[in-house]
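Residue-level listing of the chains:
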Amino acid sequence: LQGIFVLGLPYALLHSGYSGLLLIVLAAALCCYTGKILIACLYEENENGQLIRVRDTYEDIANACCKKLSPSLGGTVVNVTQVVELIMTCILYLVVSGNLLSHSFPYIPMTEKTWSVIAFVTLLPCIFIRTLKIVSKLSQLCSLVHFVIIFVVITYCLTQMHQWSWAKFRLSLEFEDFLVSVGVIIFSYTSQIFLPTLEGNMKNPGEFRCMLNWTHFFACILKTTFALTAFLTWGEKTKEVITDNLPSFLETLVNLCLLTKALLSYPLPFFAATEIVYSCISKDNHSNYRSPLLALTVRGSFLLLTLLMAMFTPHFALLMGLSGSVTGAAMTFLLPSLFHLKLKWKKLSFLEKCADISVFILGFLCSLAGIVCSIKGLLEVFE
């Protein structure tokens, strides 16, 4: 919930004004809701009216919805979408790591691509990650580093309170700039890909809904506080990544923290992507599923693929925006609401049906707008 996108929230406020504050709260509520309905699709009632977990993954939900069309069509689409988004996320972390190292040590004559290779070397131990428990510990460290970054930025902003002015907020909005803000705010909350695995690994899955409520509530409070204090401090001078606004001595410290965060963030999408591939392989050849050699080969191939794409993909930021608009919106809004309507239609109240349809329409519009803006940006670059 507290990804690198958070650092772009003050910039989002610059382009969305007061509506951006409302969007931060609305996005938290919508993402929390779609997370709940996605997990609800994993369960069915038995003869006694008790909820039983009959599905384990996003793929199982998709297959259940599309079984009349094709037994595996839905699962294939979901798996491809998930793997694309997860790989693009891993690539982004490598690109960001190279960029941060380059800016932290400008006196060393090395290109960003060379720094990305150095960052890649530190990630080689990911090949040996076999359980979610290891990933969760790394994610805990990642969260601690992130709170350090947030604490440093907010503390500096509080020292500049004498310059704050609500007049810095914009009342008039430009449509394309507003769409960029919507994308940054919404995708700073996305976590639906990981939720079925997370809920399945909880000691008490019954506490999942409560956990989701509290995590989104605190994420909303933290994001709003962070974005508001930073924007009030720099106003029209707010940069795309807010750490670029900090004084040089703080910027270097925060950049190194961001580098640590990026490297610690990499294992989670990497692990999730390889687990999806393992589940597909196990259907065809169960005897080799637990083969250590196969595991190392798959993980090693994924690592190498992310490095090669990080080094050779042109205009990565725009391509990431295009991919995020398609896969991010699909996995976060479109598919959860669609699957919930399909599997639970007879048991849903009128208001619940309206909520799901509204989320689907909103997700479709956000995705379409993001695709148009990204393609327009790509065409401008190539022209």
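Residues numbered from 1 in each chain as written. Predicted model: local features only at pLDDT ≥ 70, side-chain atom pairs only at ≥ 80, totals over all residues. Heavy atoms only, no water.

**With respect to the overall build of the protein**
And step 1. Looking only at helices and strands, the protein features 14 helices and two strands.
And step 2. Counting all 383 residues of the protein, 48% fall into the buried class.
And step 3. Residue pairs at least 24 apart in sequence account for 79% of intrachain contacts in the protein once pairs closer than 6 positions are excluded. (Helix = DSSP H or I, 4+ residues; strand = E, 2+ residues; numbered from the N terminus. Buried < 20%, exposed > 50% of the residue type's maximum accessible area, 1.4 Å probe, protein only. Contact = heavy atoms within 4.5 Å.)

**Quick notes on the side chain of threonine 238**
And step 1. When you line up the elements, threonine 238 lands in the loop between α9 (208-234) and α10 (248-265).
And step 2. Polar side-chain contacts of threonine 238 include one of 2.7 Å to the backbone oxygen of glycine 235.
And step 3. Ignoring sequence-local partners within four residues, the contact set of threonine 238 consists of Pro10, Tyr11, Leu14, Phe231 and Asn245. (Polar contact = N/O pair within 3.5 Å; in protein donor to acceptor, adjacent residues only side chain to side chain.)

**Remarks on the confidence of the model for the protein**
And step 1. Residues of the protein with pLDDT of at least 70 account for 89%, and the chain-wide mean is 83.
And step 2. When mean pLDDT is compared element by element in the protein, α9 scores highest at 92, while helix α7 (residues 175-187) scores lowest at 72. (pLDDT = per-residue confidence, 0-100.)

**Description of the side chain of lysine 36**
And step 1. Examined against the element boundaries, lysine 36 turns out to sit in helix α2 (residues 18-40).
And step 2. Summary of buried charges: lysine 36 has no salt-bridge partner, and the nearest side chain of opposite charge, glutamate 352, is 11 Å away.
And step 3. Side-chain polar atoms of lysine 36 contact the side chain of asparagine 213, separated by 2.5 Å.
And step 4. Apart from residues no more than four positions distant in its own chain, lysine 36 is found in contact with Arg209, Leu212 and Asn213. (Lys, Arg positive; Asp, Glu negative; His and termini not counted. Salt bridge = Lys/Arg side-chain N within 4 Å of Asp/Glu carboxyl O.)

**Here's the deal with helix α1 (residues 9-16)**
And step 1. Across the eight residues that make up α1, a large majority, seven, are buried.
And step 2. Within α1, the full set of buried residues consists of Leu9, Pro10, Ala12, Leu13, Leu14, His15 and Ser16.
And step 3. Within two residues after α1, glycine 17 carries a phi angle of roughly 60°, on the positive side.

**What to know about the pattern of salt bridges**
And step 1. Evaluated as defined, the whole model comprises four salt bridges.
And step 2. The partner of aspartate 56 in a salt bridge is arginine 53, and the shortest N-O contact between them spans 3.0 Å.
And step 3. By relative accessible area, aspartate 56 is classed as partly exposed at 46%.
And step 4. Counted as one network, the salt bridges with shared partners bring together Glu44, Arg55 and Lys344.

**Describing helix α5 (residues 112-122)**
And step 1. Listing the buried residues of α5 in full gives Trp115, Ser116, Ala119 and Phe120. Projection of α5 onto a plane perpendicular to its axis shows the buried side chains occupying an angular sector of 150°, all on one side.
And step 2. Taken together, the buried residues of α5 touch α4 (73-104), α10 and α12 (292-312). (Arc of directions from axis to C-beta.)

**Notes on the state of the cysteines**
And step 1. On inspection of all chains with the given rule, the structure shows zero disulfides.
And step 2. The closest cysteine sulfur to the non-disulfide-bonded cysteine 31 is located on cysteine 32, 8.9 Å from its own sulfur.
And step 3. Residue classification places cysteine 31 among the buried residues on the basis of a relative accessible area of 1%. (Disulfide = S-S within 2.5 Å.)

**Remarks on the packing of aromatic side chains**
And step 1. The full count for this structure, using the stated rule, is eight aromatic pairs.
And step 2. Ring geometry for tyrosine 58 and phenylalanine 339: centres 6.3 Å apart, planes at 75°, overall edge-to-face. Residue tyrosine 58 is located in helix α3 (residues 58-66), and its partner phenylalanine 339 is located in helix α13 (residues 316-344); the two are separated by 281 residues in the primary sequence. The residues tyrosine 58 and phenylalanine 339 share a single accessibility class, namely buried.
And step 3. Taken together, a centroid distance of 5.8 Å and an interplanar angle of 15° make the contact between tyrosine 156 and tryptophan 234 stacked. Remark: tryptophan 234 occurs in helix α9 and tyrosine 156 occurs in helix α6 (residues 132-158); sequence separation between them is 78 residues. (Phe/Tyr/Trp six-rings, centres within 6.5 Å; stacked < 30°, edge-to-face > 60°.)

**Focus: the packing of α4 against α5**
And step 1. The contact between α4 and α5 brings their axes to 7 Å, and the two run at 115°. Crossing of α4 against α5: the hand is right-handed. Where α4 approaches α5, its residues Leu94, Val95, Ser97, Gly98, Asn99, Leu101, Ser102 and His103 are matched on the opposing element by Glu112, Trp115, Ser116, Ala119 and Phe120.
And step 2. In terms of residue class, the contact of α4 with α5 is built from six nonpolar, six polar and one charged. (Axes fitted to C-alpha atoms, helices over the stretch in contact; angles between N-to-C directions. Left-handed = near helix turned anticlockwise from the far one by under 90°. Nonpolar A, V, L, I, M, F, W, Y, C, P; charged D, E, K, R; others polar.)

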